Structure formats: structure tokens, C-alpha cells
Amino acid sequence: MVSEIRGSFSATLRKRRIMYLYRVQVFTPIGDNMKNMIRRISILVAGMLLCTVFGAVGFPNDHLTTNETNTGKMDFTHTIFAEYGTATWCGYCKYAHGALKEIYAEGQYPFYYVSLVTDKNTKASQRCLTDYNAYGWPTVWFDGGYKVDVGAGSIAGAKTAYINSINSCGNRAVEDVDVTVAVTWLGGTNMEIGATVTNNEASTYGGRIRVYITEIVSSMGWYDTAGQLYTYTFLDFAFNEVLSIAPGGSWTDSITWDGSSHGFPSITESNIMVIATVFNDEPHTGYSYPPSSNPFTAYYVDDAAAATPGSSNNHAPNKPNPPAGLTSGVTNVDYTYSGSTIDPDG
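Each value, and the rule that gives it
Residues numbered from 1 in each chain as written. Predicted model: local features only at pLDDT ≥ 70, side-chain atom pairs only at ≥ 80, totals over all residues. Heavy atoms only, no water. Helix = DSSP H or I, 4+ residues; strand = E, 2+ residues; numbered from the N terminus. Expected span 1.5 Å × (residues − 1). Buried < 20%, exposed > 50% of the residue type's maximum accessible area, 1.4 Å probe, protein only. Salt bridge = Lys/Arg side-chain N within 4 Å of Asp/Glu carboxyl O. Phe/Tyr/Trp six-rings, centres within 6.5 Å; stacked < 30°, edge-to-face > 60°. Lys NZ or Arg CZ within 6 Å of the ring centre and 35° of its normal.

Draft legend 1. Examining helix H1 (residues 93-106) more closely. If you check H1, its first and last C-alpha atoms are 20 Å apart, about what 14 residues at 1.5 Å a residue would give, namely 20 Å. All of the buried residues along H1 are Cys93, Ala96, His97, Gly98, Ala99, Leu100, Ile103 and Tyr104. The first or second residue beyond H1 is glycine 107, which carries a positive phi of 65°.

Here it is as C-alpha cells:
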């Protein structure tokens, strides 16, 4: 793609950005009978409750797409990614689930979430318990643990807390990397999944890419305690790989993934979303039971993107190179300058 610019110009393409604040949570570990209620306040939110995981988590013995971006109306530094730890038996998780669904459906924020249903999916359980050292359900880790929200007592209260966390993440400085993902449905329960990460920095980028295969609405009968099927339900990782990308370079790979062979024979083309997320390799200390309990090593998200079979999204062209030409002239004479740029969608 070529851009032609007449006269002087200045063009800078940015990613997606904005700002906001924080959250409050009031929650009670199960069995404490409300005696040791922990209050963390920065804005007022109604009581938020959770179920602890201790002793309670069970483990079970041809459409080509490009990014489908939930761009929203906010100008964030990057697309926010949330991992929602839950279990089908969790009584309070229905509020967290309802809040996430509402925020996503309203389309105000560049934001994706996955439901990690820990009593139905071993890899989901490992992600929550091993990587995040989870204390209880529901827990939502935003941007790899930059913000952590534990517990829920109502949809409205959880929604307020989550929006504050999303906004706080959205104003965070991130590395200049871009991730894209594509899905081609091959028939049956087979799909081809490809992802690319581009490093726009002047130094080597280190991180990890995780590509989450999800069902938009669970076809496996995984319900929350409100009787609602789980949404954006994590099935498996298409990729979970360490990245080291040279300045101006990129990483790319593709695989063929079959739902039936991975234990998901009921998946269909119209009910799949694949979410690609890039985590920076700089470690931070996070707490899954804030402010200071259940520590884990947090790796923050730099970018996220998603695709569904048959979807597509056009992206703005890259910043044009400055055009060559005269730097001075006379009045009442037209001068034409042209420059070229690259269309990231090919």
C-alpha cells in the first residue's frame, strides 16, 4: 500500500491507550463466617466474597482470519488481557462472570478475557495454581498480575472493580511490540492457528507468547452457579513459548490443532476465539491474595489480539517514511511530496 501526501505532514501511529484508577474488595475466605472480613479500599464497592482453593479444587482423573480487535472507545497503550480463575462449584464466581461478560459486551475497552475453569481443565488449574499461586475463586488477573481482583459479592460491585483495574492497566507503559493471530478452519474439529510477534524496539525483546484457544460459549456443559454457560472458556494453548526477538525483527509460527484429539469433540467453527498474548520477561512480585499473601512472579502483558474463524480486521498503515523533496519554495507554487508505507494486513 502506498500513501501520497501533499504538502508537509507529520504522522505518528500509536497503539491503543488511556488512564484511570484502582479498586476495592471486601471478601471473606470460606469458613470464616464473616469474622475476619478483609477490607481494601480505594473506591467504595459492595461486599465481595470468594471460595478458597485449599482442599477444594478438583482435577479431572476454509476461512482465513486476521485479528478481531475489541478496540472499544478508549485510547489505551495496549489491549488489556484478563485471566479469570473459577470453578463450576464456586458460588460467588457467577458475579465475576456476569461482570466480565457485561464489560466485554459493552465494547468500551480494548479488552479480552479467558475463563480458566479449574475443576474441568487441568491446564487451566495449573495456570492458576502453579503460575499464579491462587488463593481462592473468583480471582481475575489483569495483564499477567499487574492488577489482581479477588472475590465478588455482586455483578455491579465486581464490574466497578474490574473497570478500575482495566483502566489502570490501560495507562501502563509497555514495550513496543505487536502481536497478530489468524485462524483457518480446516473442517471437522481441525483448525490452523498462526501467530506473529513484531519487535518495534531498538533492543532485543524478551518475553513469552501464550495463545489461548477458547470457546465463546462452552459446549461441554460447563455452567456457573447461576446456570450460565462459561464464556471464552479456555481449552488449550496453541503456543506457550519463550520469545527472544532482535530489534526490528519478528517471531512467527503456525500449528494445526484438532479439538477431538485434545478431548473437545463438540467444538464448532462459529464458536471459537483464539487469543494471543505477549508477556514481558521482566519479573515483578505479585500477590494473589492482596496485599501481601500468596506471592507469585508476575510477567506483565505488552499486547494481546484475537481472531475467530471467518473474522477479519483492517489495521491502519504503518507510519510513512518522510518524503524527499524541496525544503524551501516560493508562494503560490504547488509542490508535491510522496512517501510510501507498509500495509500490515498485506
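Draft legend 2. Structural view of the environment of tyrosine 135. In this structure, tyrosine 135 sits in the loop between helix H2 (122-131) and strand S7 (136-137). Residue tyrosine 135 is classed as buried on the basis of its relative accessible area, which comes to 10%.

Draft legend 3. Examining the pattern of salt bridges more closely. Per the counting criterion, the structure on display carries seven salt bridges. The partner of arginine 127 in a salt bridge is glutamate 83, and the shortest N-O contact between them spans 2.7 Å. In this pair, arginine 127 sits in helix H2 while glutamate 83 sits in strand S5 (residues 80-86), placing the two residues 44 residues apart along the sequence. With a shortest N-O distance of 2.5 Å, glutamate 106 and lysine 159 are connected by a salt bridge. Of this pair, glutamate 106 sits in helix H1 while lysine 159 sits in helix H3 (residues 155-170); the two residues are 53 residues apart in sequence, bridging distant segments of the chain. Under the relative-accessibility criterion, glutamate 106 is labelled partly exposed at 40%.

Draft legend 4. Region of interest: the packing of aromatic side chains. Summed over all chains, the structure comprises 19 aromatic pairs. Taking 5.2 Å as the distance between ring centres and 75° as the angle between the ring planes, the aromatic pair formed by tyrosine 113 and tyrosine 232 counts as edge-to-face. Separated by 119 residues along the polypeptide, tyrosine 113 in strand S6 (residues 111-117) and tyrosine 232 in strand S13 (residues 231-245) bring together distant segments of the chain. For the pair formed by tyrosine 113 and tyrosine 232, the shared burial category is buried. Centre to centre, the rings of tryptophan 257 and phenylalanine 264 are 6.4 Å apart; their planes meet at 25°, and the pair counts as stacked. The burial state of tryptophan 257 is the same as that of phenylalanine 264; both residues are buried. Taken together, the aromatic side chains of Tyr104, Phe111, Tyr112, Tyr113 and Tyr232 make up a single cluster linked through ring pairs. When the ring centre of phenylalanine 279 is taken as origin, the NZ or CZ atom of arginine 127, which lies over that ring, is 5.3 Å away. Above the plane of the ring of tyrosine 146 lies arginine 172, whose end atom (NZ or CZ) is 5.1 Å from the centre.

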